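Structural features, examined
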Amino acid sequence: MCGIVGYIGNGDAIRILFESLKRLEYRGYDSAGLAVIDDEGNIGIFKKEGEISRLESVVPAIISRIGIGHTRWATHGKPTQQNAHPHSSGHISVVHNGIIENYQELKEELISEGYEFLSDTDTEVLAHLISKYYSNNLAAAVRQALGHVRGSYGIAILCDEIPDELVAARKDSPLIIGLGEQENFIASDIPAILKYTNRIIYVENEEIISVKQAGIQVTDLEGNPRIKEEHIIEWDMEAAEKAGYPHFMLKEIHEQTSSIHETMVGRLHELEGNVNFEELEMTQEQIQQLQRIEIIACGTSYNAGLLGKYLFEKLAGIHTDVDSGSEFRYSNPVLAPSTLVIGITQSGETADTLAALREAASYGCKTLAVTNVVGSSVSREASTTIYTRAGPEIGVAATKSFISQLVILYLLVIYFARSRSFMNANRARVLLSEMRKIPGHIDHILENKEKIHECASLFVDSQDYFFIGRNINYPIAMEGALKLKEISYIHAEGYAAGELKHGPLALISNDVPVVAIAPQGSTYDKILSNIKEVKARDASVIGIANQDDDEILKYIDIVLPIPRTDELLSPLLTTVVVQLLAYYTALERKCSIDKPRNLAKSVTVE
Amino acid sequence: MKAVILAAGEGLRCRPLTLTRSKVMLLVANKPILEHIIDALAQCGIVNIIMVVGYRKERIMDYFRDGINFGVNITYVEQKGQLGTAHALKQAFPYIEDEFIVLNGDNIIEAETISDLLENKSGDISILTVTREDIEGYGVVISDNNNVKQIVEKPKKDVSRMINTGIYIFNPDIFTAIESTMISEIGEYSIIDSIQQMIDEGKVVTMVKSQSTWIDAVHSWDLLNVNAYLLERCKQPIINGNVEAGAIIKGNVSIGANTIVRSGSYIIGPAIIGKNCEIGPNVVILPSTTIGNNCTIEPFNQINNSIINHDVRIGAFSYISNTLIGAHNSIGSHFITETGENLVIEMKGILHRAEKLGAVIGDGNEIKHRVLTEPGKMIATGCNIASGRNISKDIPEDALLI
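Small disclaimer: the values here were computed from a predicted structure and weren't measured.

1. Comments concerning the sheet that holds strand 6 (residues 92-97) of chain A
Strand pairs in the sheet, formed through backbone hydrogen bonds, run parallel or antiparallel to each other. Residue and element names in this part refer to chain A. Pairing is antiparallel in the open sheet, where 7 strands are placed in the order 5-6-7-8-12-13-14. Of all strands in the sheet, those bounded by a partner on one side alone are strand 5 (87-89) and strand 14 (225-226). Pairing between strand 13 (residues 216-220) and strand 14: 2 bridges, direction antiparallel. For Val218, the partnering residue across the bridge sits in strand 14 and is Arg226. Sheet strands in contact with helix 4 (residues 123-133) are strand 5, strand 6 and strand 7 (153-159), and its direction is about 140° off that of strand 6. Sheet strands in contact with helix 5 (residues 138-146) are strand 7, strand 8 (166-171), strand 12 (207-211) and strand 13, and its direction is about 25° off that of strand 8.

Following this line, the structure appears as structure tokens:
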């Protein structure tokens, strides 16, 4: 998904384009670019990988009244400067959102006609095609070019010979025109320009718009004029972004059913019982020879890494350690080239994790980044990158990005286990088909979230909380405690259930709720006896357990049920329960959920 | 012009499919009913939409979000408590300044239906009507030369064949009328009463007859016909998925991205298959079938005239016909749905008629192997059904059949 903007008027085009692009940042970014014509009629094209402020730092102070801009959020493919928009050919520069389906044949045709291609993008085809038909009428050239194109597009075009006109068109990708006083705007999304005008024209499929300072002219693909109606937008931008939800966090918790699908798309081969990780660039031999895995991460990502440790050891037989980035760097790590170092960071900008990966690379280790932001710093730092594809996450408390990290780790473990012959194809098939059912199970939990809300209300005045779990449930206990701390400001501790009696049991009393992560599995009996231990100290016990588990009801006060799944996959479900528990606790305590005090979404300082 | 879509109700007669999502979110031609309405509005240039939500609102919000992917802006308002259409509409009051259109979220319409009303509106209120032979259960409009005199809800006598579609153009005066609308005998504030009140005050209320598409799917099984009707009208089939050599696609068939249709499969359109599905090998899909996203259809299945929602897994050697299957179902092998004709189906003590129906299955069931459903039987949600069962009566929510 990309963002497009365009401006023509008396204002400072560069400043306005940047402002508009930044309004689109909530939909994500991995590279950005713009093309402007300065007062002397010279064109300037600037592109940069990474967030928009990086582009801002390389654009010189030139005066311009016309330009187009682009921000990219790729879920697949590489965000290099070369592939960033705008793309140019001759006098023409184009920004594009969408997919040109017949770009391969068009490309071959254009190459045979002598056009030279500099990028791997389908957009460059558009630039050449428009350039090919351009003589002096830009709209006519665009019309002719689009006649040859199959696919979806929202485009804005600038021609360096015409400093007083922009042309835009759309088909199956969003595009709007904003009308101002002696200035007009093009954008892929309303928030981009709402600061400047609320007078909007919706562009329909296969319409071409010539945008000049004084006004706009709309025609269809045959060149017939179209009359357009102006719409006045009265819109609370923040509310719109939350799409009806009171908080981004709740919206993102709900999005987990769809974001997991995104994470899994194209990676599961259920029939063959295998996983596909083209991007991994590791041979079967390299995977077989791995002696050790070192996972480095901070915060929520650390908890994901902790689950990764259990899984890699249990299923793939690889000794695995987890360290937080800030500790690893100053601990004189012992590393050998046979160690794979995995860095997990949602933003891809976590300073401690980045530095730790750099350190690891200096030992000759292969480094693998798991991140949500395409083209982020970590993807340049690590030798290989796997993207979680959870989509932009706004709430500071990580939710959907965490669950996507877990999914990636599961898939990676299955891939390694298969490659090392630790798991047979049949077991992998069962696991993969169960994984495909996970979104449905999460859906079921969300359906019944009121029960979690009621539970949160009961303990809203607690000063302390304990979360306990064993084995693969321990990382979820940690995550539950972290979520609660982050947003509700209640002191919470995640503990390996067997460790309670080595100290913290002294803190348990009747006003300390204990959340036991206790789906049935290999450690179920053990955690039942841990529950009895805390029960004997009068604690209130909230059990997160399988919905058909009647046994546990005898020992606990409240059960928050999860649907039955493969024992190994239950963390994907218990996670959602602890997220909702934290959310509703914070809600009842009237905390600032999306922006908790003292915290930032992406920690770029060490 | 702004549009207010009333999408707060459940749609009781579409249970068990509506136990987990409201009727507006049920799939036809692989889109929720509500999306067909939003598409029609957007085509008519109506892009500012106030969506009145209530029952299972998250389903609607998660799907449409702020509307940008559908070419519209959506503002959500919540109706707390289901107190009738007038009460629902009242929730939109803060966002309305001038003339606006009101629609029900659960009727299938096309762009022409809306433009008929927009082009012929007049007076203080315009009501869109359609002619129907069978008016049972509807409100009818009694008029004098297109001037509406009265709206009669569920008439006992044959007073008019002009059905009120529930699509109106109002001006903000309606909110004044709503304020003084009395609660009805069934405990709801009805927009019909507000309109009648304006007629009685001497306001000009007109009706606009339309011959364009307006379908009210009353029961879940009516969606099968709507689905077939819409699939026939789909113009361009798009194949984004991967069709292996040896698989045959005939007629108007759309296949979503990342879906793989394995060798030996035979698909006859009109049909739509969503994204990320695994079909086959050797699966036969026959006309008027919709399959949602992320479905796995194991080998040797035959599926005919059915709607299968997202995230469904159907085991090998199953035969599914004239059937509706909700989301997140996991069905074992040798699953058979028997079809019956002219069925009488009892729901909450009331008898309903179904012309032709296999089974109706809600969300999130786990059905093991060799299960057979007798004609017209329903399985609710969250059920667990052991192998070898014959489903000869309706199965309630969260049932365990061993």
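2. Structural notes on helix 7 (residues 248-264) of chain A
Residues and elements named next belong to chain A. For helix 7, with 17 residues, the first-to-last C-alpha span of 23 Å sits near the 24 Å given by 1.5 Å per residue. Bending of helix 7 peaks at approximately 50° at the position of Gln256. For helix 7, a buried count of 15 out of 17 residues is recorded, marking the element as mostly surrounded by other parts of the structure. Phi turns positive, to about 75°, at Gly266, one or two residues after helix 7.

3. Some points on the sheet that holds strand 1 (residues 2-8) of chain A
Residues and elements named next belong to chain A. Taken together, the 8 strands give an open sheet; going across it, the order is 3-2-4-1-10-9-11-15, and neighbouring strands pair in antiparallel fashion. The outermost strands of the open sheet, each flanked by one partner alone, are strand 3 (43-49) and strand 15 (231-232). Across 7 bridges, strand 1 lies against strand 4 (residues 64-72) in antiparallel orientation. Bridged to Tyr7 within strand 4 is Gly67. Packing against the sheet, helix 1 (residues 13-23) makes contact with strand 1, strand 2 (31-38), strand 4 and strand 10 (184-187), and its axis sits at approximately 25° to strand 4.

4. A short note on the interface of chain A and chain B
In this assembly, 27 residues from chain A lie in contact with 25 residues from chain B. Every element with two or more residues in the side of chain A that touches chain B is listed here: helix 6 (237-242), helix 7 and helix 14 (425-447) of chain A. Looking at side-chain class alone, the side of chain A that touches chain B contains 11 nonpolar, 7 polar and 9 charged residues.

5. With respect to the domain arrangement of chain B
Residue and element names in this part refer to chain B. Assigned domains of chain B: these are domain 1 (2-218) and domain 2 (234-401). Relative to domain 2, the C-alpha centre of domain 1 lies at a distance of 32 Å. Opposite the 9 residues of domain 1 that make contact, domain 2 presents 17 residues. Split by residue class, the side of domain 1 that touches domain 2 holds 5 nonpolar, 2 polar and 2 charged.

About the thresholds
Residues numbered from 1 in each chain as written. Chains lettered and ligands numbered in written order. Predicted model: local features only at pLDDT ≥ 70, side-chain atom pairs only at ≥ 80, totals over all residues. Pairing = 2+ DSSP bridges. Helix = DSSP H or I, 4+ residues; strand = E, 2+ residues; numbered from the N terminus. Contact = placed C-beta atoms within 7 Å. Axes fitted to C-alpha atoms, helices over the stretch in contact; angles between N-to-C directions. Expected span 1.5 Å × (residues − 1). Bend = angle between axes of the 7 residues up to and from the residue. Buried ≥ 20, exposed ≤ 12 C-beta atoms within 10 Å, placed from the backbone. Nonpolar A, V, L, I, M, F, W, Y, C, P; charged D, E, K, R; others polar. Domains from an automatic or database assignment.

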